[in-house]
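A look at the structure
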Amino acid sequence: MALSKVFHNDRGELRIHESLDDLAASLAEYIAELSEVSVKDHGVFSIVLSGGSLVGLMGKLCEAPYIRTVDWARWHIFWSDERVVSKSHSDSNYKLAKDELLSKVPVVPGHIHSINDTVSAEQAASDYEFVIRQLVRTRTVCASDISDCPKFDLILLGMGLDGHVASLFPGHGALDEKNEWVTFLTDSPKPPPERITFTLPVINSASNVAIVITGENKARAVQMVMAGNSGPDCSSLPAQMVSPSSGNLVWFLDRSAASKLNGSGFSE
Ligand SMILES: O=C1O[C@H](COP(=O)(O)O)[C@@H](O)[C@H](O)[C@H]1O
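One structure accompanies this document, and this report is about it. Because the structure is a prediction, the values reported are computed rather than measured.

**Let's talk about the nonpolar core**
By size, the foremost hydrophobic cluster in this structure holds 85 residues, and its most contacted members are Leu27, Ile31, Ile47, Met58, Trp75, Leu156 and Phe198. Looking at this core, the element that brings in the most residues is helix 1 (residues 20–42), giving eight residues. Setting aside chain neighbours within four positions, we find leucine 156 in contact with Leu27, Ile31, Ile47, Val48, Leu49, Ser50, Leu54, Met58 and Ala210.

Right, dumping it as structure tokens:
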């Protein structure tokens, strides 16, 4: 059993883990449980991945017991954001997930919904939204009953040093997108510049959202997000705008990322 302390406040549930190994164990258990519940409920587990450090922390899913207990054939896999580079490029979030996770578990290749990497960022965003709309139409992905958005079973996010989630960066216009499900950037402040990203309405329509943050270098951003402090231009940090309308939000932190959190209004 992974060692963690669990707290609650209006930002959701906060799980603070003693070590990265504990966090990875707790994350694998959380994902496996949601997979089981979703498959029992509607026959599919629609899971949305991000890039960065998150994927390396999902490694325990490739081991016992999960490698044989998870119903991998029912997984449909998406990305909350993607860099518009070829799928074989080292910047590709798809490549990261394929190398570290998806090539090691028996998911169905046709259920891996990655972006079209042969077109512009604008076209890739539009194509990706089209793919998701088809899957909502065929009820592979659930539809939200309170918004015109898909209702993914689980969206997994990381958070950058600047408080960005997916490819929604502080102060960027993509944060204001209300109509599109997937939008694009050609000026990402973090390289590479061309990206596509889920918009906030889609993220906030999910049944479950988990934000996974590790490392001392993110402690200050975590403190700002939890305390409700805003960024340098006084706007809210993107991670603060994640607030599922009728879903659950869980923060997975290690002790280093949580090291500046004393007195942020969480109670056990
Ligand atoms: O560029 C990105 O960064 C964020 C955070 O990455 P991390 O390595 O600091 O955890 C990631 O969640 C996002 O998917 C990715 O495209």
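Following the structure, the description resumes.
**Re the site of the ligand**
Taken together, 15 residues are adjacent to the ligand, and Gly51, Ser53, Asp81, Lys190 and Lys218 come closest. Here histidine 164 contributes a side-chain N or O atom positioned 3.0 Å from an oxygen atom of the ligand. For the ligand, an oxygen atom lies 2.8 Å from a polar atom in the side chain of lysine 190. Against a free-state accessible area of 390 Å², the protein chains account for coverage of 91% of the ligand. Of the residues belonging to the shell around the ligand, the class tally is two nonpolar, eight polar and five charged.

**Focus on the sheet that holds strand 2 (residues 12–17)**
The sheet built from seven strands is open, its strands ordered 1-2-12-11-8-3-4 with mixed pairing. Here the strands that pair on one side only, and so sit at the sheet edges, are strand 1 (4–9) and strand 4 (75–79). When strand polarity is set aside, the average angle formed by the axes of neighbouring strands in this sheet is 20 degrees. Bridging between strand 8 (residues 154–158) and strand 11 (residues 208–213) involves four bridges; their strand directions are parallel. Bridging from a neighbouring strand, leucine 157 pairs with isoleucine 211 of strand 11. Those strands touched by helix 1 are strand 2, strand 3 (45–49), strand 4, strand 8, strand 11 and strand 12 (248–254), and its axis lies near 160 degrees from that of strand 12.

**Observations regarding the sheet that holds strand 10 (residues 195–198)**
Taking strand neighbours across the sheet as the criterion, the three strands line up as 5-10-9 in an open arrangement whose pairing is antiparallel. Both outer strands of the open sheet, strand 5 (81–83) and strand 9 (182–185), are each paired with one neighbouring strand and no more. Pairwise comparison of adjacent strand axes, ignoring direction, gives a mean angle of 15 degrees for this sheet. Pairing of strand 9 with strand 10 involves four bridges; the strand directions are antiparallel. When the bridges of strand 10 are listed, valine 182 appears paired with phenylalanine 198. Packed on one face of the sheet, helix 4 (residues 121–137) meets strand 9 and strand 10 and runs near 165 degrees to strand 9.

**Observations regarding unusual backbone geometry**
Following alanine 64, the chain continues to proline 65 via a peptide bond in cis, the omega torsion being 0 degrees. Mapped onto the fold, proline 65 is located in the loop between strand 3 and helix 2 (66–69). Residues proline 191 and proline 192 are joined by a peptide bond in cis, for which omega reads -5 degrees. Structurally, proline 192 can be placed in the loop between strand 9 and strand 10.

**Examining the packing of aromatic side chains**
In the structure shown here, the tally under the stated rule is seven aromatic pairs. Taking 5.0 Å as the distance between ring centres and 65 degrees as the angle between the ring planes, the aromatic pair formed by tyrosine 30 and phenylalanine 252 counts as edge-to-face. On the criterion of sequence distance, the pair formed by tyrosine 30 in helix 1 and phenylalanine 252 in strand 12 is long-range, its members being 222 residues apart. Judged by its relative accessible area of 8%, tyrosine 30 is buried. In this structure phenylalanine 252 comes out as buried when scored by relative accessible area, which is 0%. On the numbers, 5.4 Å between centres and 20 degrees between planes, the contact of phenylalanine 152 with phenylalanine 198 is stacked. On the criterion of sequence distance, the pair formed by phenylalanine 152 in the loop between strand 7 (150–151) and strand 8 and phenylalanine 198 in strand 10 is long-range, its members being 46 residues apart. No difference in accessibility class separates phenylalanine 152 from phenylalanine 198, as the two residues are buried. By the ring-pair criterion, three or more aromatic residues cluster together here, those being Phe78, Tyr128, Phe152 and Phe198. Above the face of the tyrosine 94 ring, lysine 87 is positioned so that its terminal group lies 5.8 Å from the ring centre.

Rules of the game
- Residues numbered from 1 in each chain as written.
- Predicted model: local features only at pLDDT ≥ 70, side-chain atom pairs only at ≥ 80, totals over all residues.
- Heavy atoms only, no water.
- Core = buried A, V, L, I, M, F, W, Y, C linked by side-chain atoms within 4.5 Å.
- Buried < 20%, exposed > 50% of the residue type's maximum accessible area, 1.4 Å probe, protein only.
- Helix = DSSP H or I, 4+ residues; strand = E, 2+ residues; numbered from the N terminus.
- Contact = heavy atoms within 4.5 Å.
- Near = heavy atom within 4 Å.
- Polar contact = N/O pair within 3.5 Å; in protein donor to acceptor, adjacent residues only side chain to side chain.
- Areas by Shrake-Rupley, 256 points an atom, 1.4 Å probe, with all protein chains shown as cover.
- Nonpolar A, V, L, I, M, F, W, Y, C, P; charged D, E, K, R; others polar.
- Pairing = 2+ DSSP bridges.
- Axes fitted to C-alpha atoms, helices over the stretch in contact; angles between N-to-C directions.
- Phe/Tyr/Trp six-rings, centres within 6.5 Å; stacked < 30°, edge-to-face > 60°.
- Lys NZ or Arg CZ within 6 Å of the ring centre and 35° of its normal.

Such coordinate-based values are descriptive only and should not be taken to indicate function.
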